[in-house]
Amino acid sequence: MKPVPDHAVNRLRAWRKSISTRPFLARGGTLARCPACQLREDWCACEWRPELKAEAGFCLLMYDSEPMKPSNTGRLIADVLPDTTWAFLWSRTQPHPELLALLADPAWQPYVVFPACEKEPARLTGEVTLAPGKKPLFILLDGTWPEARKMFNKSPYLDGFPVLAIKPDTLSTYGMRVANSEEHLCTAEVAACVLEVAGELKAGQALQHWFNLFSSRYMAGRVSRFPSADEEHLCEALAAIKEANVASPAC
Ligand SMILES: [Zn+2]
């Protein structure tokens, strides 16, 4: 059994599981999964998982049972950046005190990552511009598209922050979640784009590769076929990132 990485999303997942009154029935719930990467046991990808450090932070607001879904990709962000990723269950009226403390921490400059802001278009921006001494904190709304929209519209504690709209050049490669909008990327892909916008190219690329490998193997697990041969280059790229990281752990 692979050790489960100790990071915010896995801790939230364990806690959310502990307060459930009924066992969570995920799609494909009968599959034996690796407890760490949530892929089919025999296609575990843990050995390729990159772990990096970045200046940027991520604050995941997760909708209800989202942390328990094996298909959740917010977890992949915490896999790659465990030191600067936080995760909280979303609440409209009772946000976690640690969430409020994080949002008020002067070390961070929060941005809500969302594609539009019809009510207050002036909040929209496509760039990350930091005040001296501040690091960017990207707030991601992790759920289905309608859930993300609900969280965006009904979280008064987020209303004062600028809204970072990501316009990716490429559409999602992730076909396993039903999205209402063609351009709706999943959470890990959005985070990879955000890292690039923030100038954290290494971390963005590592996350994109890790997501692509996860996605390829997850889809293969659903239809019970071997993962695509194309993933060889992903494994090579991830191995190179791990190697570079061992040589220079501060990157
Ligand atoms: Zn695994």
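Structure first, text after, so check above.
Attention here is on the structure that accompanies the text. (Residues numbered from 1 in each chain as written. Predicted model: local features only at pLDDT ≥ 70, side-chain atom pairs only at ≥ 80, totals over all residues.)

Concerning the overall build of the chain
- Summing up its helical and strand segments, the chain has seven helices and six strands in all.
- From first element to last, N terminus to C terminus, the chain shows the α and β order α-β-α-β-α-β-β-β-α-β-α-α-α.
- A total of 251 residues make up the chain; the buried ones form 38% of that total. (Helix = DSSP H or I, 4+ residues; strand = E, 2+ residues; numbered from the N terminus. Buried ≥ 20, exposed ≤ 12 C-beta atoms within 10 Å, placed from the backbone.)

Topic: the sheet that holds strand β3 (residues 108-113)
- Taken together, the six strands give an open sheet; going across it, the order is β2-β1-β5-β3-β6-β4, and neighbouring strands pair in parallel fashion. Each edge of the open sheet carries a strand with a single partner, namely β2 (85-89) and β4 (124-125).
- Strand direction decides the pairing type here: strand β1 (residues 57-62) and β2, joined by five bridges, are parallel. Bridging across to β2, Leu-61 finds its partner in Phe-88.
- Strand contacts of helix α5 (residues 187-197): β1, β3, β5 (135-142) and β6 (163-164), with the helix running at about 160° to β5, the strand carrying the most contacts. (Pairing = 2+ DSSP bridges. Contact = placed C-beta atoms within 7 Å. Axes fitted to C-alpha atoms, helices over the stretch in contact; angles between N-to-C directions.)

Concerning the pairing of β1
- Extensive coverage of β1 is indicated by the burial of six of its six residues.
- Alternating positions in β1 separate into two faces, Gly-57, Cys-59 and Leu-61 on one and Phe-58, Leu-60 and Met-62 on the other, with burial throughout.
- Relative to β5, β1 is paired through six bridges, and the arrangement is parallel. Bridge pairing in β5 places Cys-59 opposite Ile-139.
- Tracing the backbone out of β1, into helix α2 (residues 74-80) and back to the parallel element β2 gives a crossover that is right-handed. (Right-handed = clockwise from strand over helix to strand, strands pointing away.)

Here we look at helix α6 (residues 201-222)
- Taking 1.5 Å per residue as the helical rise, α6 with its 22 residues ought to reach 32 Å, and the 31 Å between its terminal C-alpha atoms agrees with that figure.
- Most of α6 is tucked away: 16 of the 22 residues are buried. (Expected span 1.5 Å × (residues − 1).)

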